[in-house]
Amino acid sequence: MHTAKLLKWHKTLLWVGGITILLFALSGVTHPIMTWTGPQAVTARPPALNLTTQQLNQALTALQQQAIPASALIKIVPFQQDAVIQITADAATPRTYLSLASTPAPTDQDMALWLAAHYSGLAETATTDVNFQTHFDDAYPAVNRLLPVWQITYDNGLSLYVHTETLALAGITNPYKTRLQGFFRQAHSWQWLDGLPWLKAIVMTILLGSALLLVLSGAWLLLRLPYQARRRGLRRWHYALSWLVVLPLTLYLLTGIYHFAYKYAKPDTLGLSLQTATPLPGSWQIPELTTEQAKLYNSATLIQGAQGWYWRLSEFNPAQQADRQSRFAGQASELQARFIPLTADAPALDDHSFALILAERFLGLPASAFNNPQLISRFGPDYDFRNKRLPVWQLDYASGRVFIDTQTGQLIEQQHSSSKWERYSFSFIHKWGILQPLLGRDGRDQVVAGFMVLVLLLAVLGFAMRLKRRA
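Cut-offs and rules
- Along every chain, residues carry numbers that run from 1 in the direction the sequence is written.
- This being a predicted model, a pLDDT of at least 70 is required before a residue's local features are given, and a value of 80 or more before pairs of side-chain atoms are given or counted; all residues contribute to the totals for chains, interfaces and linings.
- Processing note: side-chain calculations cover all non-hydrogen atoms of the structure and skip hydrogens and water entirely.
- Helix and strand assignments follow DSSP, with helices taken as H or I runs no shorter than four residues and strands as E runs no shorter than two, numbered in order from the N terminus.
- Residues grouped as a nonpolar core are buried Ala, Val, Leu, Ile, Met, Phe, Trp, Tyr and Cys residues, joined through side-chain atoms within 4.5 Å.
- Exposure is judged per residue with a 1.4 Å probe applied to protein chains only, and the accessible area is read against the type maximum: over 50% gives exposed, under 20% gives buried, and values in between give partly exposed.
- It only takes one pair of heavy atoms within 4.5 Å for two residues to be counted as in contact.
- Residues enter patches when their relative accessible area tops 30% and they take part in no salt bridge; the joining distance is 9 Å for like charges and 5 Å for the nonpolar side chains Val, Leu, Ile, Met, Phe, Trp and Tyr.
- Note on areas: these come from Shrake-Rupley sampling with a 1.4 Å probe, and a residue is covered only by the protein chains present in the view.
- One speaks of a salt bridge when a side-chain nitrogen belonging to Lys or Arg is within 4 Å of a carboxyl oxygen belonging to Asp or Glu.
- Pairing between two strands is assigned when DSSP locates at least 2 bridges connecting them.

Student: Is there a simple way to think about the environment of His135 in this case?
Tutor: Structurally, His135 is set in the loop between strand E5 (127-133) and strand E6 (149-154). When the C-alpha positions of His135 and Leu146 are compared, they lie 9.6 Å apart, and in sequence the two are 11 residues distant.

Take a look at the structure:
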């Protein structure tokens, strides 16, 4: 194409493509700012639980006297100074509890308030609003993945989102962070068009296509137009900045387009439910916990193996840190799992074997179909921060892989083999994760913020040149 004609197209594309780049760069820079300046929890460690053999037997006796749905998730969890039985019947209603002490059983709201005070360091008396939430919104977006949650708001504007099933802090925000987060979601992800996916696909194709053509035509003009020394004023600065940002900006747009298109074509499967279990045994014989087993635990989960029932004890990890770097890198909530059989004829069971049993149930494949089992205790491009739960087991099979949380017996994510390259391009290039091993998360975020500022400046110079020429 002739240089003059290409230059004309470049100037024409400025209005749609340039505004798109301006919008994406402006919203993109808010993400690291939100991370740096948003509110933080005072601890990342969940409350610990002292377990005894008596409590494990008490829980089974109490459960035999209740009408428990066969598919319910049953756990022993801490509450204040006691241990209680937590029953999760479904994902739409609050959890119910049975007491193991003389005190009344708490409600799910009581549990949420206690956990919020634990993570925030604020007194329950400072609470101004409590809300049971079964959907995502601007303050608690879908990237958090955990539902249902309790939103606990304090008189200083701080809001905590508590997931009582995992005793986890699912999110923390305040009005400032919510505004930044809302702007990012609407301007960067265009969530306001989610209700009209066909329209969103058309609009995003036009915007991203125009932005990419604008950058590519600009890259060609850099090579074809006269050298920088023959330029003056705004044109000279625009020319110099273009050399700095043209390659990373092209890759940024290409990986963004790839991510957007892939998610429309083949989304990952998240959060499938455990199949219905058989009834509990009518009698049981739990061996006394040994001195070595008498440790602090996160919870005890009642699980069904291939040939019997067990209490799965999740050993407490006292090393969890609340700082931003540790949270984003990922920290395992348990040191190891211990399986206590309910009956003498139940074979020995370990966490790896249980993960394989769950994978067979979820996918309907034989055990021989799964390979390369790995216990994941850190976040990465394959299993990222959005999933929240650690540790999980990763198992590969012919057409994909699954991530299974053996603490609760849930399938957290199912990925198709074809999604690997999309995840890597989005994690390493679009989010600049390739720099993280060298600079750390904060260093990477600083580079990203600096790059976005340069892109904003380049776009402003382009608009200024165009408006000056018209004037």
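Student: Would you take a moment to explain the nonpolar core for this structure?
Tutor: In terms of nonpolar packing, the biggest core is built from 33 residues, with Ile21, Leu249, Leu253, Phe451, Met452 and Val455 touching the most fellow members. Secondary-structure elements contributing two or more residues to this core are helix H1 (3-37), helix H5 (197-224), helix H6 (233-265) and helix H10 (436-470). With residues up to four places along the chain from it excluded, the contact list for Ile21 reads Ala211, Leu214, Val215, Leu249 and Val455. If you look at the next biggest cluster of nonpolar residues, it comprises 25 residues, including Leu49, Leu63, Ile87 and Ile340.

Student: When you look at a nonpolar patch on the surface in this model, what are you seeing that I'm missing?
Tutor: A surface patch of nonpolar side chains, amounting to about 670 Å² of accessible area, comprises Trp15, Val16, Leu196, Trp198, Ile202, Ile206 and Leu467. Elements with a minimum of two residues in the nonpolar patch: H1 and H5. The biggest single contributor to the nonpolar patch is H5, with 3 residues. Among the structural elements, Leu467 can be located in helix H10.

Student: Help me understand the pairing of strand E10 (residues 296-304), please; the structure alone is not making it clear to me.
Tutor: Within a regular beta strand, the side chains point alternately toward one face of the sheet and then the other, so they alternate between its two faces. Within E10, 8 of the 9 residues are buried, which leaves it mostly tucked inside the rest of the structure. Pairing between strand E1 (residues 49-50) and E10: 2 bridges, direction antiparallel. Bridge pairing in E10 places Leu49 opposite Tyr297. Two elements, strand E2 (residues 73-79) and E10, share 2 bridges in a ladder whose sense is antiparallel. The residue bridging Ile76 from the neighbouring strand is Ala300, located in E10. Where E10 lies against strand E11 (residues 309-316), 7 bridges are found, and the strand directions are antiparallel. Pairing of Thr301 across the sheet is with Arg312, part of E11.

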